[in-house]
Amino acid sequence: MSERREGALDDATIEARLKAELPDWRYEDGWIRRTYKTAGWKSTLMVINTVGHLAEAAWHHPDLTASYAWVEVRLMNHAAKGITDKDFALAAKIEQVVGWQPGREGGALEGTPTDPRFAYIKYDK
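Conventions used here
- Residues numbered from 1 in each chain as written.
- Predicted model: local features only at pLDDT ≥ 70, side-chain atom pairs only at ≥ 80, totals over all residues.
- Heavy atoms only, no water.
- UniProt positions renumbered as here; feature names shortened; annotations may be inferred.
- Helix = DSSP H or I, 4+ residues; strand = E, 2+ residues; numbered from the N terminus.
- Buried < 20%, exposed > 50% of the residue type's maximum accessible area, 1.4 Å probe, protein only.
- Contact = heavy atoms within 4.5 Å.
- Areas by Shrake-Rupley, 256 points an atom, 1.4 Å probe, with all protein chains shown as cover.
- Lys, Arg positive; Asp, Glu negative; His and termini not counted.
- Charge placed at Lys NZ, Arg CZ, Asp CG, Glu CD.
- Expected span 1.5 Å × (residues − 1).

Looking up the protein in an unreviewed UniProt entry gives the name 4a-hydroxytetrahydrobiopterin dehydratase, with the organism given as Methylobacterium symbioticum. The UniProt entry for the protein carries the following comment under Sequence similarities (unreviewed entry): "Belongs to the pterin-4-alpha-carbinolamine dehydratase family." Under the Catalytic activity (unreviewed entry) heading, UniProt states for the protein: "(4aS,6R)-4a-hydroxy-L-erythro-5,6,7,8-tetrahydrobiopterin = (6R)-L-erythro-6,7-dihydrobiopterin + H2O".

Structure below.
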């Protein structure tokens with residue numbers, strides 16, 4: 001990768017912010033990354049579409065890699081040639097939406113049933 005431009009964060013800052021703000025994400029090869037495990041192809045496509053919507057709304061686009069039961073999201077600001085606040089902001093929004101478990105909130109929404117026929121995301125928590 002070329003030399004970082006203004007606005008790009010240094011490695012120590014990236015690692016510290018990931019630990020504090022996005023503990024399920026990692027910094028690797030110049031990208032911040034998160035792999036979401038899903039219950040199968042339909043769930044994988046739902047994650048891809050969710051991330052796509054958020055990225056388009058934010059006008060900041062990640063790279064995605066997908067297979068049958070997982071999606072990897074990679075963020076890096078190409079203009080800055082490094083990780084910026086934009087990457088952290090979009091990663092946090094993706095994490096909030098994809099990781100949402102309304103059944104744990106105790107409100108009116110019950111969330112996805114535990115029956116494997118309806119499985120969606122394999123939540124870490």
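Let us look at the overall build of the protein. Tallying secondary structure elements over the protein gives three helices and four strands in all. Sequence-ordered secondary structure for the protein, helices as α and strands as β, is α-β-β-α-β-β-α. Principal-axis analysis of the C-alpha atoms gives the protein an extent of 50 × 30 × 25 Å. Expressed as a percentage of the 125 residues in the protein, the buried residues total 34%. Long-range pairs, those at least 24 residues apart, make up 62% of the contacts in the protein between residues at least 6 apart in sequence. When the accessible surface of the protein is split by element, carbon and sulfur atoms take 53% of a total near 7800 Å². If the 17 positive side-chain charges of the protein are averaged to one point and the 19 negative ones to another, these points end up 4 Å apart.

A separate point is helix α3 (residues 85–98). A rise of 1.5 Å per residue sets the reference length of α3, with its 14 residues, at 20 Å; its end C-alpha atoms lie 20 Å apart and thus fit the reference within 8%. Here α3 has its buried residues at Asp87, Phe88, Leu90, Ala91, Ile94, Glu95 and Val98.

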